[in-house]
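Okay, here's what each chain looks like letter by letter:
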Amino acid sequence: MVKKYLSKIYMGIIFIFLYAPILVLAVFSFNESKSRGNWTGFSLKWYIELFHDHDIRSAFYYTITIAIITAIVSTVLGTIAAIGINAIKGRQKALILNVNYLPVVNPDIVTGISLMILYISFNMDFGFNTMLLSHIVFSTPYVILSILPKLKQLDVHMTEAAMDLGATPMYALRKVILPEIKPGIITGFLMAFTLSIDDFIISYFTKGEGVTNLSIVIYSMARRGVRPTINALSTIMLTVVLLLMILINKRTNGHEKSKKTNRSEV
Amino acid sequence: MDNVIIQLNNITKKFDGEIILDDITLSVKKNEFVTFLGPSGCGKTTTLRIIGGFERPDEGEVYFDGQLINDIPPFKRQLNTVFQKYALFPHLNVYENIAFGLRIKKMDEKNISTKVERMLELFNLKNYGKRRIDQLSGGQQQRIAIARALVNEPKVLLLDEPLGALDLKLRKEMQHELKAMQKQLGITFIYVTHDQEEALTMSDTIVVMNDGIIQQMGSPIDIYNEPENAFVADFIGESNILSGVMIDDYLVEFLGKRFECLDAGFGRGEEVDVVIRPEDLDLTPAGEGKLEGIVKSVIFKGVHYEMDIDARGFEFLVHSTDMAPVGATVGLTLTPDDIHIMEKGD
Amino acid sequence: MKDRTKYFAYPYVVWIFLFIALPAFLVLLYSSTTKESNGLTTIHFTLENYKKFFQPIYLNILWDSIYLAAVSTVICLILGYPAALIISNTHVSKRNTLLFLCILPMWMNMLLRTYAWMTILGNNGILNNFFAFIGLPTFNMLYTRGATVMGMVYNFIPFMILPIYTALSKMDKGLLEAADDLGADKKTVFTKVILPLSMPGVISGIIMVFMPAVSTFIIPQLLGGNKSMMIGNLVEKLFILNGDWNFGSAISMVMMIIILLSMSIMNKFDIDKEGGARLW
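Residues numbered from 1 in each chain as written. Chains lettered and ligands numbered in written order. Predicted model: local features only at pLDDT ≥ 70, side-chain atom pairs only at ≥ 80, totals over all residues. Heavy atoms only, no water.

A.B. asks: Quick question: what am I supposed to make of the overall build of chain A here?
C.D. replies: Helix and strand counts for chain A come out as eleven helices and zero strands. In chain A, the succession of helices and strands from N to C terminus is α-α-α-α-α-α-α-α-α-α-α. Across the 266 residues of chain A, 55% fall into the buried class. Within chain A, contacts between residues separated by at least 24 positions form 70% of all contacts whose residues are at least 6 apart in sequence. Of the roughly 12200 Å² of accessible surface on chain A, a fraction of 65% belongs to carbon and sulfur atoms. Averaging the locations of the 25 positively and 15 negatively charged side chains of chain A gives two centres separated by 8 Å. (Helix = DSSP H or I, 4+ residues; strand = E, 2+ residues; numbered from the N terminus. Buried < 20%, exposed > 50% of the residue type's maximum accessible area, 1.4 Å probe, protein only. Contact = heavy atoms within 4.5 Å. Areas by Shrake-Rupley, 256 points an atom, 1.4 Å probe, with all protein chains shown as cover. Lys, Arg positive; Asp, Glu negative; His and termini not counted. Charge placed at Lys NZ, Arg CZ, Asp CG, Glu CD.)

Following this line, the structure appears as structure tokens:
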């Protein structure tokens, strides 16, 4: 019994540690004064200021635009690639997967500077395009990694069964394979979107004149010290991510649950 | 020969340099129930996949209804397959699974509905159309897989160990159902299994395969009673296989004794395999049989007893309704037609 | 039939060559050439950049990074192991919620999580205000090495909890019962059964914390001020401020090698890859 209480207290402390800073941030975004330690009254003025801030608005626009395009492009690219990689065997496959894995394991800073060097070597203008391209480059591996397991789970005879029934390979792909790996594709899409929205380091090295994202704005503001507008911005971003996460979690859990109940009916 | 629906000529297939099928030639007649039987890795599934179009033979020709189909992809072949683990589409319900092939043919909805409903009825799955695949039992999934193939009215149905995942009782039931269905529909069935009992129960013709080679092809009765070599004898039911020497036509010697048999045409003094079925050996009181042995173990098997009897250093497997206790000395008798002589295997 | 599907991978093969392999190669190229190399005609190979890194000032930065990352990793392990153990012993119905709560912060922008600590640790921050309120002396917490370690622990502790949890939850509970049955007391069960069996999780946890910790530059920048220059900050400074790409590239190569070595160690202990994938 004592042990149980100790466990609960311990987990409580861990979660306070994990969530208190975030909570503090959110609470003080509604603080009237600029002070970060004293509560002087409820106010929405930092939010209002936020919406009038030109830099933040433009950063917001770029963040969302890039995240949406990144999610779409890397999902399409990643899905096609995953289907292809799944059909390859042996060393070739290992090589492709290892290179694909590089941006996942490499420190972001190394990925960032290597892309920066690439763009400079090819005389590309830094800006929207370089940032977008970089986001697609580092998101696609995650999409592939979320689809590949689904493809592996697929009954190897599924495509054959479809063709046996008269389906051309393309028809089988559209009507059998894609529906089967859809959960992986959606997870990949959401991952690419979240990664893109969240990214700072790679964007930092591949941004260009007048094109920044929210993370970069936060960074440059934070370096100048704490500002309540960042609190407001953070709170909004946290809420969005929270909602997204709950959505993803509901999806996966819902999936498992519906399967479980289906089985129990039999 | 217009009775032949599938003809394989000198089919050879290698995977990574390893020979899987070695010069297979066989023909399947219309409305026949043919079973490819053999241990795993014998090439039976590969043969089936070559007929289905999922593998291409390295050498040889595949004819379907007199037409060379080596280069025809599976989706253009007029035959359908029931896969080992069914390969039903989990994202489609029962109805849509069965309708899959018909939709590809762009059949109109009314026709599809009629055909699918008829299949559901045939397979006792009448109200299951809306069910999801994972809501079905193994036996039901099995039926759907067969229905999904049969609804396309193929001339030949290929079945790759379709009953392997079912429990024993269900498997027996399905064996009879499948056989009955094949007769009723008049479709050629090519069936792959490693279960000799299943093969004996259902088939018109059994093709016994091992190491990529056809060991014997014939009716179940022929295969059981007249196995052509020791492998077939051993694989089709349990057997006692002894080394012997042909003394003369109709006379063989093994375990130091001479026995009359029904086989002729071997060379004098030729070494042969002697195959004796466990159920063909009869127990007699000690001293009355031609061979004498000591009972090593006895297991009651329901209908009969299974005994190990050591005679002159060979351990005979004996199935008999008579029983002798462990340690007892008994006689063993054999009639000439109990003794099967075959050329010595490798 | 699979033969044709594999062509689907070909565009992506070109893609990863262009955007993953080629950039990595360029870093290698820059790291082993001089600044004066302009174009292929004047290219000049050298090991100077690597040699330069072995000067004491830079080596100190490397050791300091490794030291701070190691300290953070140890703290993560000490705090994270009990948490993982508790989660794995929780009833299934609550377990997923606890796990979700552990993963959730990882999906929040790292800058925000780090920034949040600025508001807490600052001289006029919440902690100091709290200390003042209860009559304790206030002190300087932000822009110290301690703050950097704190920020790293905070950011990376989920990477420690999850793999250990995965290893623990895969453990056959029958083993514990067997150990009990064989007369082992609780302490023996833990040291002789639970701990050894969770080692793969511990090792991958250590690597998963250590890798991002050693290469971070946000955390020391925002929380450490100028007190703790880590290797990530050095790279950033070289590229953004000094424009010394050759030296910067050499350091990046060193970082890449450290990370890839850690990865190959982790692969040796191959915990299930799915657990890892879910983490990211």
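Having put the structure on the table, let's press on.
A.B. asks: I tried to follow the sheet that holds strand S17 (residues 305–311) of chain B on my own but got confused; where do I start?
C.D. replies: Paired through their backbone hydrogen bonds, the strands of a sheet run either parallel or antiparallel. All names here are of chain B. On the basis of which strands lie adjacent, the open sheet formed by five strands has the order S15-S19-S16-S17-S18 and antiparallel pairing. Looking at strand neighbours, the two that pair on one side only are strand S15 (282–285) and strand S18 (314–320), the edges of this open sheet. In this sheet, neighbouring strand axes are inclined to one another by 45° on average, regardless of whether the strands run parallel or antiparallel. Where strand S16 (residues 291–300) meets strand S19 (residues 329–333), four bridges bridge the pair, whose relative direction is antiparallel. What sits directly across from Leu291, in S19, is Leu332. (Pairing = 2+ DSSP bridges. Axes fitted to C-alpha atoms, helices over the stretch in contact; angles between N-to-C directions.)

A.B. asks: When you look at the pairing of strand S3 (residues 33–37) of chain B in this model, what are you seeing that I'm missing?
C.D. replies: Consecutive side chains of a regular strand alternate in pointing toward one face of the sheet and then the other. Residue and element names in this part refer to chain B. Counted residue by residue, S3 has five buried out of five residues, so it is predominantly covered. Residues Phe33, Thr35 and Leu37 point to one face of S3 and Val34 and Phe36 to the other, with burial holding for every one of them. As paired elements, S3 and strand S8 (residues 188–193) share five bridges and run parallel to each other. For Phe33, the partnering residue across the bridge sits in S8 and is Phe189. Sheet topology places S3 next to strand S9 (residues 205–210); four bridges connect them, and they run parallel.

A.B. asks: It is not clear to me how the packing of helix H6 (residues 110–121) of chain C against helix H8 (residues 145–170) of chain C should be interpreted in this structure. Could you clarify?
C.D. replies: Packed helix pairs are characterised by how far apart their axes lie and by the angle those axes make with each other. All names here are of chain C. Running from N to C, H6 and H8 point in directions that differ by 135°, and their axes come no closer than 10 Å. Here H6 is positioned oblique relative to H8, judged by the angle of their axes. Where H6 crosses over H8, the two elements pack in a sense that is right-handed. Between H6 and H8, the contacting residues are Met110, Arg113, Thr114, Trp117 and Leu121 on the first element and Ala147, Met150, Tyr154, Asn155 and Phe156 on the second. (Parallel < 35°, antiparallel > 145°, perpendicular 65-115°, else oblique. Left-handed = near helix turned anticlockwise from the far one by under 90°.)

A.B. asks: Would you mind going over unusual backbone geometry with me for this structure?
C.D. replies: Trans is the common state for peptide bonds, and a negative phi is the common state for residues other than glycine. All names here are of chain B. Phi at Glu153 takes a positive value of approximately 50°, unusual for a residue other than glycine. Relative to the assigned elements, Glu153 resides in the loop between helix H4 (138–150) and strand S7 (156–160). Residue classification places Glu153 among the partly exposed positions, given a relative accessible area of 48%. In this structure, Glu161 takes a positive phi of about 40° despite not being glycine. Examined against the element boundaries, Glu161 turns out to sit in the loop between S7 and helix H5 (168–185). Under the relative-accessibility criterion, Glu161 is labelled buried at 11%.

A.B. asks: Help me understand the pairing of S18(B) in this model?
C.D. replies: All names here are of chain B. Of all the seven residues making up S18, five are buried; the element is thus mostly covered by neighbouring parts of the structure. Note: S17 against S18, seven bridges, orientation antiparallel. When the sheet's bridge partners are listed, Ile309 is paired in S18 with Phe316.

A.B. asks: Help me out: how do you make sense of the sheet that holds strand S2 (residues 18–29) of chain B in this one?
C.D. replies: Residue and element names in this part refer to chain B. Read across the sheet, four strands follow the order S2-S1-S4-S5 without closing on themselves; strand pairing throughout is antiparallel. Every interior strand has two partners, whereas the edge strands, S2 and strand S5 (67–68), have only one. Along the sheet, helix H1 (residues 44–52) contacts strand S1 (4–15), S2 and strand S4 (59–64); its crossing angle with S1, the most-contacted strand, is approximately 120°.

A.B. asks: Looking at this structure, I do not really get the interface of chain A and chain C. What am I missing?
C.D. replies: Interface size is often expressed as the accessible area that is lost when the parts come together. The partner chain C presents 71 residues to the 82 residues of chain A that form the contact. Across the chain A/chain C interface, buried area totals approximately 7400 Å², and carbon plus sulfur atoms make up 80% of it. The interface formed by chain A and chain C includes zero salt bridges. Remark: the boundary between chain A and chain C carries seven residue pairs in polar contact (both at pLDDT 80 or more). (Buried area = accessible area lost by both parts, 1.4 Å probe. Salt bridge = Lys/Arg side-chain N within 4 Å of Asp/Glu carboxyl O. Polar contact = N/O pair within 3.5 Å; in protein donor to acceptor, adjacent residues only side chain to side chain.)

A.B. asks: Please clarify how the pattern of salt bridges should be interpreted in this entry.
C.D. replies: Oppositely charged side chains can form a pair if their charged atoms are brought close together. Residues and elements named next belong to chain B. On inspection of all chains with the given rule, the structure shows 25 salt bridges over all chains. Here Arg171 makes a salt bridge to Glu198, at a shortest N to O gap of 4.0 Å. Taken together, the residues Arg171 in helix H5 and Glu198 in helix H6 (residues 196–202) connect sequence positions 27 residues apart. For the pair shown, Arg171 and Glu198 are each scored as buried. Residue Glu306 pairs with Lys301 through a salt bridge whose shortest N-O separation is 3.9 Å. Residue Glu306 is classed as buried on the basis of its relative accessible area, which comes to 15%.

A.B. asks: Sorry, what's going on with the side chain of A:Ser29 here?
C.D. replies: Residues and elements named next belong to chain A. Its place among the elements puts Ser29 in the loop between helix H1 (2–28) and helix H2 (45–52). You can call Ser29 buried: its relative accessible area is 0%. A polar side-chain atom of Ser29 sits 2.8 Å from a polar atom in the side chain of Tyr47. At 3.3 Å, the side chain of Ser29 and the side chain of Thr235 are in polar contact. The contacts of Ser29, once residues within four sequence positions are left out, are Ser43, Trp46, Tyr47, Asn231, Ala232 and Thr235.

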